[in-house]
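One-letter residues, chain by chain:
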Amino acid sequence: MIEKIDIRTITKEQLRNFFVENGDKSFRGNQVYEWLWSKGAHDFNDMTNLSIETRLLLQNNFVINHINVDVKQRSEDGTIKNAVRLHDGLVVESVLIPTQTRTTACVSSQVGCSLDCNFCATSRLKRMRNLEPGEIYDQIIAIDNESKLQYNRPLSNIVFMGMGEPLMNYNNVIKAIDMITSKEGLGMSPKRIIVSTSGIPKMIKKMADDDVKFKLAVSLHVAIDEIRAKIMPFSSNFPLHDLRESLEYWYKKTKSKVSYEYVVWKGINDNQVAVDALVKFCKYVPCKVNLIEYNPIDDGEFQQASPEAINLYIDALQKNNIVVKVRRSRGKDIDAACGQLANR
């Protein structure tokens, strides 16, 4: 038996050619493409402007590997977490984060994670596979629909801060973003999308070379190599000097500011030496710092730092004219906050 291709892995041109090869008009490919991406069809039978014969032709040659939202949890603060089941039975999580003025989707890019950050629940699940562009796109569609239903407004922002390291699934993430921003997809502005990486220098340079239009965030957490290698062991292969160089390259080519995601932990980076190191690192390229409230994943070594330690950072950054925000965690009561996603 021939294994059917997931139809969303082929281009519009290939779809047009498929119909010509099967004795139909090429524009039929355009119609199917619109159903798949703009209208988010999950079944060929939903494509009501196609004849039954055409739908059968599609069914005999292709599948649509769409996601299903298995479990939905709602937090006291309005955050909604989706447990998303993939076509092969694996599960990832995505989160809808509402505020008064906007709705943000936090989406996953891998099942598990390629990296090994000790403070993150997702990293304890080894990477099982990369998500396909359609699976990433489907998470966005599900949250967009949820936002319209629950908050009477469409999705306004997207952050690639869910499960996985987006730059280790680069091609699929870029294809998904291309569809999210395309007029044939959701037509969202790339300026409303943030891709967050733990810091892979050669891929940051590749993004700059590819002239991407979305924003870049880096999970920095400490600007001292020895400490960073302890809490994020993979980073010993990507020292801060290399990361700095890639960010300078990024800014030179894109003129786009970098956001640093930064958690302050008790006894790890809650001291003046770490504060001074961050201030110094922030001066290399125009940036802003998001100080993130830590969400414990066990009773281990990582504990939220004191308010005094947070203020130490705020004072030093502001004194040096570096934009700083304290980001309060959302959805903690349903394990939907930063670092907690682990498809429980």
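Our structure is the block above this text.
Heads up: these notes are all about the structure in this document. From a predicted model like this one, the values you see are computed outputs, not experimental measurements.

**Looking at the sheet that holds strand S5 (residues 91–98)**
- Strands sit in the order S3-S4-S5-S6-S9-S10-S11-S12-S13-S14 across an open sheet of ten strands; the sheet is mixed. Here the strands that pair on one side only, and so sit at the sheet edges, are strand S3 (68–74) and strand S14 (323–327). Across the sheet, the axes of successive neighbouring strands diverge by a mean angle of 20 degrees, strand direction being ignored.
- Both strand S12 (residues 258–263) and strand S13 (residues 287–292) contribute to a ladder of six bridges, which runs parallel.

**Quick look at the environment of Val159**
- Here Val159 lies in strand S9 (residues 157–160).
- On the basis of relative accessible area, Val159 is assigned to the buried category, the value being 12%.
- It is 17 Å that separates the C-alpha atoms of Val159 and Asn171, two residues lying twelve residues apart in sequence.
- When residues no more than four places from it in sequence are discounted, the contact partners of Val159 are Thr104, Ala105, Cys106, Val107 and Ile194.

**Some details on the environment of Leu56**
- Of note, Leu56 is situated in helix H3 (residues 52–61).
- In this structure the C-alpha to C-alpha distance between Leu56 and Asn171, which are 115 residues apart in sequence, comes to 31 Å.

**As for the layout of surface pockets**
- There is about 210 Å³ of room inside the second largest pocket.
- Around the second largest pocket sit Arg8, Thr9, Ile10, Thr11, Tyr33, Trp37, Glu132, Pro133, Asn172, Lys175, Asp178 and Met179, which together line it.
- When residues of the lining of the second largest pocket are traced back to their parent elements, those giving at least two are helix H2 (27–38) and helix H5 (170–181).
- Here the element with the most residues in the lining of the second largest pocket is H5; it accounts for four residues.
- A class-by-class count of the residues in the lining of the second largest pocket yields five nonpolar, three polar and four charged.

**Quick notes on the packing of aromatic side chains**
- Taken as a whole and assessed by the stated rule, the structure comprises eleven aromatic pairs.
- On the basis of an interplanar angle of 80 degrees and a centroid distance of 5.6 Å, the ring pair of Phe281 and Tyr284 is categorised as edge-to-face.
- A residue is classified by how much of its surface remains accessible, and Tyr284, at 27% relative accessible area, is partly exposed.
- Every member of this aromatic cluster is reached through a ring pair, and the members are Phe18, Phe19 and Phe62.
- Looking at Arg8, its charged tip hangs above the ring of Trp37, at a distance of 5.6 Å from the centre.
- Over the aromatic face of Trp35 sits the side chain of Lys39, whose NZ or CZ is 4.1 Å from the ring centroid.

**Brief notes about H3**
- Thr54, Arg55 and Leu58 are the residues of H3 that are buried. In an axial view of H3, the angular spread of the buried residues amounts to 100 degrees, which keeps them on one side of the axis. Of the exposed residues in H3, those oriented more than 90 degrees away from the buried face are Ile52, Glu53 and Asn60.
- Looking at the packing, one finds that the buried side of H3 touches helix H1 (12–21), H2 and strand S2 (62–63).

**Concerning the packing of H1 against H2**
- Where H1 meets H2, the closest approach of the two axes is 7 Å, and the angle between their N-to-C directions is 130 degrees. In terms of their interaxial angle, H1 and H2 are classed as oblique. Viewed along their axes, H1 and H2 form a crossing whose handedness is right-handed. Here Lys12, Leu15, Arg16 and Phe19 of H1 lie close against H2, whose contacting residues are Phe27, Arg28, Gly29, Asn30, Val32, Tyr33 and Leu36.
- When grouped by side-chain class, the residues that make up the contact of H1 with H2 number six nonpolar, two polar and three charged.

**Digging into the environment of Asn169**
- By secondary structure assignment, the location of Asn169 is in the loop between S9 and H5.
- Take Asn169: its relative accessible area is 4%, and that puts it in the buried class.
- For the pair Asn169 and Arg129, spaced 40 residues apart in the sequence, the C-alpha separation amounts to 9.3 Å.
- Here Asn172 takes part through its side chain, which lies 3.3 Å from a polar atom of the side chain of Asn169.

**Some remarks on the pairing of strand S11 (residues 215–219)**
- In terms of burial, S11 is a largely internal element, four of the five residues being buried.
- Here four bridges tie strand S10 (residues 193–197) to S11, and the two strands are oriented parallel to one another. Looking across to S11, one finds that Val195 is bridged to Leu216.
- In this fold, S10 hands off to helix H6 (residues 201–209), which returns the chain to S11; that crossover is right-handed.
- Sheet analysis places S11 next to S12, joined by four bridges and oriented parallel. Along S12, the bridge assignment pairs Ala217 with Ser259.

Conventions we followed
- Residues numbered from 1 in each chain as written.
- Predicted model: local features only at pLDDT ≥ 70, side-chain atom pairs only at ≥ 80, totals over all residues.
- Heavy atoms only, no water.
- Pairing = 2+ DSSP bridges.
- Helix = DSSP H or I, 4+ residues; strand = E, 2+ residues; numbered from the N terminus.
- Axes fitted to C-alpha atoms, helices over the stretch in contact; angles between N-to-C directions.
- Buried < 20%, exposed > 50% of the residue type's maximum accessible area, 1.4 Å probe, protein only.
- Contact = heavy atoms within 4.5 Å.
- 1 Å grid on protein atoms, 1.4 Å probe; cavity = no way out; pocket = protein on both sides within 12 Å on 5 of 7 lines; lining within 4 Å.
- Points joined across faces, edges and corners; volume = space filled by probe spheres on them.
- Nonpolar A, V, L, I, M, F, W, Y, C, P; charged D, E, K, R; others polar.
- Phe/Tyr/Trp six-rings, centres within 6.5 Å; stacked < 30°, edge-to-face > 60°.
- Lys NZ or Arg CZ within 6 Å of the ring centre and 35° of its normal.
- Arc of directions from axis to C-beta.
- Parallel < 35°, antiparallel > 145°, perpendicular 65-115°, else oblique.
- Left-handed = near helix turned anticlockwise from the far one by under 90°.
- Polar contact = N/O pair within 3.5 Å; in protein donor to acceptor, adjacent residues only side chain to side chain.
- Right-handed = clockwise from strand over helix to strand, strands pointing away.

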